[in-house]
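Listed below, chain by chain, are the residues.
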Amino acid sequence: MRRISILGATGSIGQNTIDLIKRAPGAYHVVALTGSENIAQLAQDAMALRAEVAVTANPARLEDLRTALHGSGVEAAAGTTALVEAASRPADWVMSAIVGAAGLAPGFAALEQGTTLALANKESLVCAGRLLLQTARTHKATILPVDSEHSAIFQALVGEDISTVERIIITASGGALRDWPIEKLAEATLEQALAHPNWDMGQRITLDSATLFNKAMEVIETREFFNVTPEQIEVIIHPQSLIHSLVGFNDGALMAHVGPPDMRHAIGYALHHPTRAHLPVERLDLAAIGQLDFRVPDEGRWPALRLARAVMAAGGMTGAVFNAAKETALDGFIAGQIGFAQMADTVAATLDDMTQHACLIADTMTLDNVAQVDHLARQAAQAAIANRAGH
Ligand code: NDP
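Just so we're clear, the structure is a prediction, and the values are computed from it rather than from any experiment.

1. Focus: the overall build of the chain
So, point 1. Helices and strands together make up the secondary structure of the chain, namely 17 helices and 11 strands.
So, point 2. For the chain, whose C-alpha radius of gyration is 20 Å, the value lies close to the compact-globule estimate of 21 Å for 391 residues.
So, point 3. Each principal axis of the C-alpha atoms in the chain carries an extent, and together these give about 55 × 50 × 40 Å.
So, point 4. A total of 391 residues make up the chain; the buried ones form 54% of that total.
So, point 5. The long-range share in the chain, meaning contacts at least 24 apart out of those at least 6 apart in sequence, stands at 66%.

Shown next, in the form of structure tokens:
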């Protein structure tokens, strides 16, 4: 029986993973499930899947979790140390689907036990990509991408020589506000930015889709994971979200991955890799779809793409600055402190401000240094928000 753990089990990716696991009763031994605030879901899944341990990130919720698990035989634990301990328990396959920089330490802990890490937590690659890949090599662990774009690229590269790749084209839906007049973007509300046309995802990534910060993160992820140059990475708006990405080779061939917008495909591919298995996703009827559209993204509308290129050019731990600033700006937008268009301004101001810490950003990449950069960047971003909110 395969031993698996799901970090971020109560979220959108975690629940899609659990959906697949529940369809194969008896195939998996569930080691650990983790969540944060959604104790009822965490306890329900931990009991249904007979997990060894359920962990909430929030120590204040430990008693609630204990009560919900009472008599089930599932261990309850809480806090960041418990998350890392759960991720360190021997498992053959670990899903890394905690949202945000909080997912870094548990993901590294899983790699250190030499497991296969299914990586949805894109922040790990953006903040500490080089260190993550090095840790996997050192511990003979495997990382499989779960982001649909990177799963698509990974699948297009099976059996190929990376040196024959000319370019990688990442598709973007453009998010909820892609057809709004640019001058109206400043007025966009949280509800409007959350109305994603194609994908049903967690709140934060849906908002990041509307700003294209999600795509900016994916560009950086692509550079880190596939070790291509920034110049080889292109972004194209593809409103239908049916082509998940393309790889262009030196003979002019373009390999596209086409499928329905359902994360269970990419999760299932990582779960069954290196084989393929039946998955409960829609089969596309191309004749009924009829048409696929593409257009060049306007960087005036989506400055996040320009910022991603600046981050890659700067190198070092600038990715950690970018992610921390983006997360803080998003919190500011959700809290109503800044408007939609000011999220990119906040990130740009933070990148500028953090040049005063250039030595630290260029220092050796360790988890502690990444955490320090993250901390300083959040402070700088909060100052930028306070500055803007005051105007
Ligand atoms: P969700 O917001 O739906 O879920 C996040 C998960 O992380 C939940 O289990 C949540 O617990 C937990 N969590 C929240 N805060 C903390 C914390 N401080 N410490 C530990 N755990 C915490 O996110 P998604 O599932 O959408 O995304 C997860 C990751 O996958 C992100 O990095 C995202 O960018 C990436 N991703 C998501 C895709 C999608 O389709 N959703 C597609 C590709 C990548 P609780 O809910 O109990 O509070």
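2. Comments concerning the site of the ligand
So, point 1. Near the ligand there are 25 residues, and of these Thr10, Ser12, Ser36, Glu123 and Asp147 occur at the shortest range.
So, point 2. Within the backbone of Ile13, an N or O atom sits 2.9 Å from an oxygen atom of the ligand.
So, point 3. Residue Val99 places a main-chain N or O atom 3.3 Å away from an oxygen atom belonging to the ligand.
So, point 4. If the ligand stood free it would expose 900 Å²; the protein chains cover 84% of that surface.
So, point 5. Of all the secondary-structure elements, those providing two or more residues to the shell around the ligand are α1 (12–22) and α6 (122–138).
So, point 6. Residue composition of the shell around the ligand, by class: 12 nonpolar, nine polar and four charged.

3. Remarks on helix α4 (residues 80–88)
So, point 1. Of the positions making up α4, those classed as buried are Ala82, Leu83, Ala86 and Ala87. What you see down the axis of α4 is that its buried residues fit within an arc of 135°, all on one side.
So, point 2. Considering only its buried residues, α4 is in contact with β1 (2–7), β2 (28–35), β3 (53–56), β4 (75–78) and α5 (104–112).

4. Thoughts on the sheet that holds β1
So, point 1. Pairing in this open sheet of seven strands is parallel, and the strands run β4-β3-β2-β1-β5-β6-β7 from one edge to the other. Either end of the sheet is taken by a strand with one partner, and the two such strands are β4 and β7 (142–145). Neighbour-to-neighbour, the strand axes of the sheet open up by a mean angle of 20°, direction not taken into account.
So, point 2. Where strand β6 (residues 116–119) meets β7, four bridges bridge the pair, whose relative direction is parallel. Its bridge partner being in β7, Leu117 is matched across the sheet by Ile143.
So, point 3. Strands in contact with helix α11 (residues 263–272) are β1, β2, β5 (93–96), β6 and β7; relative to β5, the strand with the most contacts, it is inclined by about 155°.

5. Digging into the sheet that holds strand β9 (residues 233–237)
So, point 1. Reading across the sheet, the four strands line up as β9-β8-β10-β11 and stay open at both edges, with mixed pairing between neighbours. Of all the strands in the sheet, the pair left with one neighbour each is β9 and β11 (254–258). This sheet shows a mean twist of 20° between the axes of neighbouring strands, independent of strand direction.
So, point 2. As paired strands, strand β8 (residues 165–172) and β9 are joined by five bridges and run parallel to one another. Residue pairing in the sheet places Ile169 in a bridge with Glu234 of β9.
So, point 3. In the packing of helix α10 (residues 213–226) onto the sheet, the strands contacted are β8 and β9, and the crossing angle to β8 comes to about 150°.

6. As for the packing of helix α7 (residues 148–156) against α10
So, point 1. One way to put it is that α7 packs onto α10 with a least axis distance of 10 Å and a crossing angle of 35°. The crossing of α7 and α10 is right-handed. In this structure, α7 contributes Glu149, His150, Ile153 and Phe154 to the contact, and α10 contributes Lys215, Glu218, Glu221, Thr222, Phe225 and Phe226.
So, point 2. Of the residues in the contact of α7 with α10, the class split is four nonpolar, two polar and four charged.

7. Digging into the side chain of Ser148
So, point 1. Within the secondary structure layout, Ser148 lies in helix α7.
So, point 2. A distance of 3.1 Å separates the side chain of Ser148 from the side chain of Glu149, its partner in a polar contact.
So, point 3. Those residues in contact with Ser148, other than ones at most four positions away along the chain, are Trp199, His244, Met263 and Ala266.

8. A word on the pattern of salt bridges
So, point 1. Tallying each qualifying case throughout the model produces 23 salt bridges.
So, point 2. In this structure, Glu327 and Arg378 form a salt bridge, with 2.9 Å as the shortest nitrogen-oxygen distance. Taken together, the residues span a long stretch of sequence, with Glu327 in helix α14 (residues 318–334) and Arg378 in helix α17 (residues 367–389) at a distance of 51 residues.
So, point 3. What makes Glu327 buried here is its relative accessible area of 8%.
So, point 4. Via salt bridges that share partners, Lys122, Asp147, Glu149, Lys215 and Glu218 belong to a single interconnected network.

9. A closer look at unusual backbone geometry
So, point 1. A cis amide bond, omega 10°, links His273 with the succeeding residue Pro274.
So, point 2. Relative to the assigned elements, Pro274 resides in the loop between α11 and α12 (286–289).
So, point 3. One non-glycine residue with positive phi stands out, namely Arg50, at about 50°.
So, point 4. Exposure remark for Arg50: the relative accessible area of 68% places this residue in the exposed category.
So, point 5. Here Leu212, not a glycine, exhibits a phi torsion of approximately 70°, which is positive.
So, point 6. Along the chain, Leu212 turns up in the loop between α9 (203–211) and α10.
So, point 7. Judged by its relative accessible area of 2%, Leu212 falls in the buried class.

Reading the values: the criteria
- Residues numbered from 1 in each chain as written.
- Predicted model: local features only at pLDDT ≥ 70, side-chain atom pairs only at ≥ 80, totals over all residues.
- Heavy atoms only, no water.
- Helix = DSSP H or I, 4+ residues; strand = E, 2+ residues; numbered from the N terminus.
- Rg over C-alpha atoms; globule rule 2.2 N^0.38 Å.
- Buried < 20%, exposed > 50% of the residue type's maximum accessible area, 1.4 Å probe, protein only.
- Contact = heavy atoms within 4.5 Å.
- Near = heavy atom within 4 Å.
- Polar contact = N/O pair within 3.5 Å; in protein donor to acceptor, adjacent residues only side chain to side chain.
- Areas by Shrake-Rupley, 256 points an atom, 1.4 Å probe, with all protein chains shown as cover.
- Nonpolar A, V, L, I, M, F, W, Y, C, P; charged D, E, K, R; others polar.
- Arc of directions from axis to C-beta.
- Pairing = 2+ DSSP bridges.
- Axes fitted to C-alpha atoms, helices over the stretch in contact; angles between N-to-C directions.
- Left-handed = near helix turned anticlockwise from the far one by under 90°.
- Salt bridge = Lys/Arg side-chain N within 4 Å of Asp/Glu carboxyl O.

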